[in-house]
Amino acid sequence: MISYYTDLALGLVLAFLLLSLLVSGVNEGIVRLLGIRSKFLWAYLRDTLDGAEVAQRVPAALRVLPRVLDRLKGVGRWLCARLADLLPPSGEGRSRLPATVLGVFAKLPFGRDPRPEFSAQPAPVQSPPLAAAPGTVAAEVVAEMTAPDPAHGPGLADPEEIASATVATATLAFAGDGPDRPEEGKSLADLLHERLQEIDHSARGRTNIAQIPPARFAVALMEIATDMGGVERLMGELDTLRSPLYRPLKAVWDRASHDIEAFRNGVADWYDGEMQRLTMLYRRYVRWVIAALSLLVTVLFGMDSLEYGKSLLNDSAYRSSVAAFAQSGAEALAPLKERCASGEDTYTCVTDVLSTPAFVQIFTHAPVTVEMRAGADGPSWSWRGGDWWSRVASPSHWPGFLITLFALLFGAPFWWDVFRRVTGIRSRISSLRAP
């Protein structure tokens, strides 16, 4: 009896491991196809380096929706929190990173791509000047500063207006020290990508960089600062552009006492901490994707864990009965006759039953099934959509589906570790390696 429960544990763990691997594989395929990791990284970098973006062409229905939801009070606030990525942003702009589950499934994969354009060229000798990124709050502020005032002409401008316009114009098109420096500016995120594009490869015309080591980020930032005339000059322009990066850089610069090497190490440490927080945020959002895929796999294969556990125990009992056939006689096959069609040869039926154990039967409840029969030219495909739907719609299977769903949420690494502990693979490998 103990061996039956051992077989049950191994069968369930192996089933959950294979289905979890399927979920992980599908998730990895979706992430790579849509470039989720690189989009997530560059959405954060755009927010941190260039500032919030401004929504373009907001539909009239979405402009009215916040006022309608505000009248619903508690329920309206709850809906506003869930629809934050679709509602019009405030005057301070909106983050590119998704703030809701809807943003994870819709905004980040199919919205405006935050990644820079791919370039096959190496990093330039001289970078373009720093400028506000188009479509950001900083770009609108700089545009307002440089716009002429119709109330009075240039000759009537006061000294403060002249100074503000001069600073804004220098930020938009900084000529630098050499006559060959380009006039058209780029955002800080684009300048950072210029320093990393040598290790890049194209993904539909966009960068595919999904990870930047902290030390390389710090070196790239120092290269940009050197090209602009020093760290002080860089921070001055970041302050003018109202970049969110100005405050952490200033804190690191002051803590380093204006020492370049200490500043570079401080930037690397700060960026490493930011990447740890970003990884935690990414994993929290990916859990929703894993949950959706786990539910889809569970329903698609009709994996009822309770029914499957019972089938595993019966499968072990059948095999024990057949093993005892030599001592017990033909009556040992009595439990198997219930699974045989009327008039079918008992021994032929026994062969078919034992050649399709309970573990194989997990994948026989999908809408489309395939069978490999002896003597056939190839696999036999069959449509069983009606049986699958009746199984999914039956409330008696729902508890087993729910158990399977919760089991798949633990992930393939968890079930692989459980499988190694149950089978003792780790201890056996250690004993083989021991001298």
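Residues numbered from 1 in each chain as written. Predicted model: local features only at pLDDT ≥ 70, side-chain atom pairs only at ≥ 80, totals over all residues. Heavy atoms only, no water.

**Quick look at the nonpolar core**
Judged by nonpolar contacts, the single largest core of 71 residues is most densely connected at Leu45, Ile212 and Phe263. The element that contributes the greatest number of residues to this core is helix α12 (residues 260-301), accounting for 14 residues. Not counting residues up to four positions away in its chain, the partners in contact with Ile212 are Leu41, Trp42, Leu45, Leu192, Leu196, Phe217 and Tyr271. (Core = buried A, V, L, I, M, F, W, Y, C linked by side-chain atoms within 4.5 Å. Buried < 20%, exposed > 50% of the residue type's maximum accessible area, 1.4 Å probe, protein only. Helix = DSSP H or I, 4+ residues; strand = E, 2+ residues; numbered from the N terminus. Contact = heavy atoms within 4.5 Å.)

**Some thoughts on a nonpolar patch on the surface**
Where nonpolar side chains cluster on the molecular surface, the patch consists of Leu18, Leu21 and Phe363 and spans about 240 Å² of accessible area. Within the fold, Leu18 resides in helix α1 (residues 2-34). On the basis of relative accessible area, Leu18 is assigned to the partly exposed category, the value being 34%. (Patch = residues over 30% accessible without salt bridge, like charges linked within 9 Å, V, L, I, M, F, W, Y side chains within 5 Å. Areas by Shrake-Rupley, 256 points an atom, 1.4 Å probe, with all protein chains shown as cover. Salt bridge = Lys/Arg side-chain N within 4 Å of Asp/Glu carboxyl O.)

**Describing the environment of Arg247**
Considering the arrangement of structural elements, one finds Arg247 in helix α11 (residues 246-255). As for Arg247 and Met235, which are separated by twelve residues in sequence, their C-alpha atoms are 9.0 Å apart.

**Structural notes on the side chain of Ser305**
Mapped onto the secondary structure, Ser305 falls in helix α13 (residues 305-323). With relative accessibility at 6%, the residue Ser305 sits in the buried group. Within the local environment of Ser305, its side chain forms a polar contact with the side chain of Thr404, the two groups lying 2.4 Å apart. When near neighbours in sequence (up to four residues on either side) are disregarded, Ser305 contacts Leu12, Phe16, Gly400, Ile403 and Thr404. (Polar contact = N/O pair within 3.5 Å; in protein donor to acceptor, adjacent residues only side chain to side chain.)

**Details of α11**
Regarding α11, the residues found buried are Tyr246, Leu249, Val252 and Trp253. The arc that holds every buried residue of α11, seen down its axis, measures 135°, which confines them to one face. Set apart from the buried face of α11 by more than 90 degrees, the exposed residues are Arg247 and Arg255. Buried residues along α11 sit against α9 (214-228), α10 (231-240) and α12. Two residues or fewer after α11 comes Ser257, characterised by a positive phi angle close to 55°. (Arc of directions from axis to C-beta.)

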